[in-house]
Amino acid sequence: MNKSITTQIENKVATLTLNRPEVFNSFNREMALLLQNELDACEKNPEVRAIVITGSGKAFCAGQDLKEVTSPELNPGFKKILEEHYNPIIQRIRNIEKPVIAAVNGVAAGAGANIALACDVVVSSENASFIQAFSKIGLVPDSAGTFFLPRLIGFQKASALMMLGDKVSAAEAEKLGMVYKVVSSEIFSEEVNNIADTLANMPTKALGLTKRLLNNSMQNSLEEQLNLESKLQIESAQSEDYAEGVDAFVNKRKPNFKGN
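Residues numbered from 1 in each chain as written. Predicted model: local features only at pLDDT ≥ 70, side-chain atom pairs only at ≥ 80, totals over all residues. Heavy atoms only, no water.

**Student:** Would you take a moment to explain the overall build of the chain for this structure?
**Tutor:** When helices and strands are counted, the chain shows eleven helices and ten strands. On C-alpha atoms alone, the chain measures out to a radius of gyration of 19 Å, which is about the 18 Å that the 2.2 N^0.38 rule sets for 260 residues. In terms of overall dimensions, the chain has a C-alpha envelope of 65 × 45 × 35 Å along the principal axes. Burial statistics for the chain: of 260 residues in total, 47% are counted as buried. Counting only carbon and sulfur atoms, one obtains 54% of the accessible surface of the chain, whose full area is about 13500 Å². Of the side chains in the chain, 27 bear a positive and 31 a negative charge, and the two mean positions are spaced by 1 Å. (Helix = DSSP H or I, 4+ residues; strand = E, 2+ residues; numbered from the N terminus. Rg over C-alpha atoms; globule rule 2.2 N^0.38 Å. Buried < 20%, exposed > 50% of the residue type's maximum accessible area, 1.4 Å probe, protein only. Areas by Shrake-Rupley, 256 points an atom, 1.4 Å probe, with all protein chains shown as cover. Lys, Arg positive; Asp, Glu negative; His and termini not counted. Charge placed at Lys NZ, Arg CZ, Asp CG, Glu CD.)

**Student:** Just checking my understanding: could you explain the packing of helix H1 (residues 29-44) against helix H3 (residues 78-95) for this structure?
**Tutor:** Relative orientation and spacing of two packed helices are given, respectively, by the angle between their axes and the distance between those axes. At a minimum axis distance of 10 Å, the contact between H1 and H3 shows a crossing angle of 25°. By the angle class used here, H1 and H3 are roughly parallel. For the element pair H1 and H3, the recorded crossing hand is left-handed. Contacts between H1 and H3 involve Arg 29, Ala 32, Leu 33, Leu 35, Gln 36, Leu 39, Asp 40 and Glu 43 from the former and Lys 80, Glu 84, His 85, Pro 88, Ile 89, Arg 92, Ile 93 and Asn 95 from the latter. For the contact of H1 with H3, the residue count by class is seven nonpolar, three polar and six charged. (Axes fitted to C-alpha atoms, helices over the stretch in contact; angles between N-to-C directions. Parallel < 35°, antiparallel > 145°, perpendicular 65-115°, else oblique. Left-handed = near helix turned anticlockwise from the far one by under 90°. Contact = heavy atoms within 4.5 Å. Nonpolar A, V, L, I, M, F, W, Y, C, P; charged D, E, K, R; others polar.)

**Student:** Looking at this structure, I do not really get helix H10 (residues 222-237). What am I missing?
**Tutor:** What sets the pattern is the α-helix's 3.6 residues per turn: residues three or four places apart point alike. Under the 1.5 Å per step criterion, the end-to-end length of H10 is 22 Å for 16 residues, consistent within 8% with the ideal 22 Å. The complete set of buried residues in H10 reads Gln 225, Leu 228, Leu 232 and Ser 236. Taken down its axis, H10 places every buried residue within 70° of arc, on the same side. H10 presents Glu 223, Lys 231, Gln 233 and Ile 234 as exposed residues on the side facing more than 90 degrees away from its buried surface. The inward-facing, buried residues of H10 abut helix H9 (204-217) and helix H11 (240-250). (Expected span 1.5 Å × (residues − 1). Arc of directions from axis to C-beta.)

**Student:** What should I look at first to understand the pattern of salt bridges in this one?
**Tutor:** Where charged atoms of side chains with opposite charge meet at close range, the side chains can pair. Going through the model one piece at a time under the given rule, you end up with eleven salt bridges. A salt bridge links Asp 40 to Arg 92; the shortest N-O distance between them is 2.8 Å. Linking Asp 40 in helix H1 with Arg 92 in helix H3, this pair joins segments that are 52 residues apart in sequence. Among the ionic pairs, Arg 253 bridges to Asp 247, the shortest N-O distance being 2.7 Å. (Salt bridge = Lys/Arg side-chain N within 4 Å of Asp/Glu carboxyl O.)

**Student:** How do you make sense of the side chain of Arg 20 when you look at a structure like this?
**Tutor:** Among the secondary structure elements, Arg 20 is positioned in the loop between strand E2 (13-18) and H1. In this structure the side chain of Arg 20 is engaged in a polar contact, spanning 2.7 Å, whose partner is the backbone oxygen of Ser 26. Here the side chain of Arg 20 touches Asp 65 through a polar contact of 3.2 Å, side chain to side chain. Once you skip the residues sitting within four places of it in the chain, Arg 20 turns out to touch Ser 4, Asn 25, Ser 26, Phe 27, Asn 28, Met 31, Ser 56 and Asp 65. (Polar contact = N/O pair within 3.5 Å; in protein donor to acceptor, adjacent residues only side chain to side chain.)

**Student:** Would you mind showing me how to read the nonpolar core here?
**Tutor:** Phe 27, Ile 93, Val 104 and Met 178 are the most contacted members of the largest nonpolar core, which totals 48 residues. The dominant element in this core, judged by the number of residues it contributes, is H1, at six residues. Every residue in contact with Ile 93, bar those within four places of it in the chain, is listed here: Leu 39, Ile 53, Val 100, Ile 115, Ala 118, Cys 119 and Lys 211. In terms of nonpolar packing, the next biggest core, distinct from the first, is built from 14 residues, Ala 103, Ala 196, Leu 199 and Ala 200 among them. (Core = buried A, V, L, I, M, F, W, Y, C linked by side-chain atoms within 4.5 Å.)

Distances and angles like these do not, on their own, reveal function.
In structure tokens:
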């Protein structure tokens, strides 16, 4: 039986592929727990300095597998699904102090869309689309969609997309600021690899501290954020990568960052 998450680590990049293509990579309990385990392993592995989450087949992720929640013998219940599946996934994506890239290769719906939006960099294939599908079946958005989407595209647009459940094309998602960039399907994998490789060879500690600053900016006052910037700037200035970056700049050579 194929694993519902496949992991490949190469050149300091871990690629986690949602691997249930027959159901458009929709989540069941097994896949949700396995993704958490793989993210934990990436966090602890010093050889991993960037993480890519993508999907196999035609879809990125269609959200929750409705077969699981409509089958009495399978249904874990929404409380368990949220508290043990999706919320921990979002928390891991945001708290891992390494860059996490969503490589959205196809449709991203419901929780699948919101997991992508929680990542640090979202790269979309021109064939991808994003759907806040919850209202179509009488549910509310979860997986931090109501947290990230209004911050990315504004309150009014996010409200309309969540209530109407409109499908957003990749081109429109880029125009709205929902994704970093859209790439043609022919060069999608190559571009994702280039971005991941770039991030994996940058000063990982500084990227992680930048991520921490962005997380805290969601609720900090200006004064609190300035104080945190000062604290983390001092911390980053004590890193080996800062010393390497400065030396490389002064000597006009390419820096060799080690991630610490």
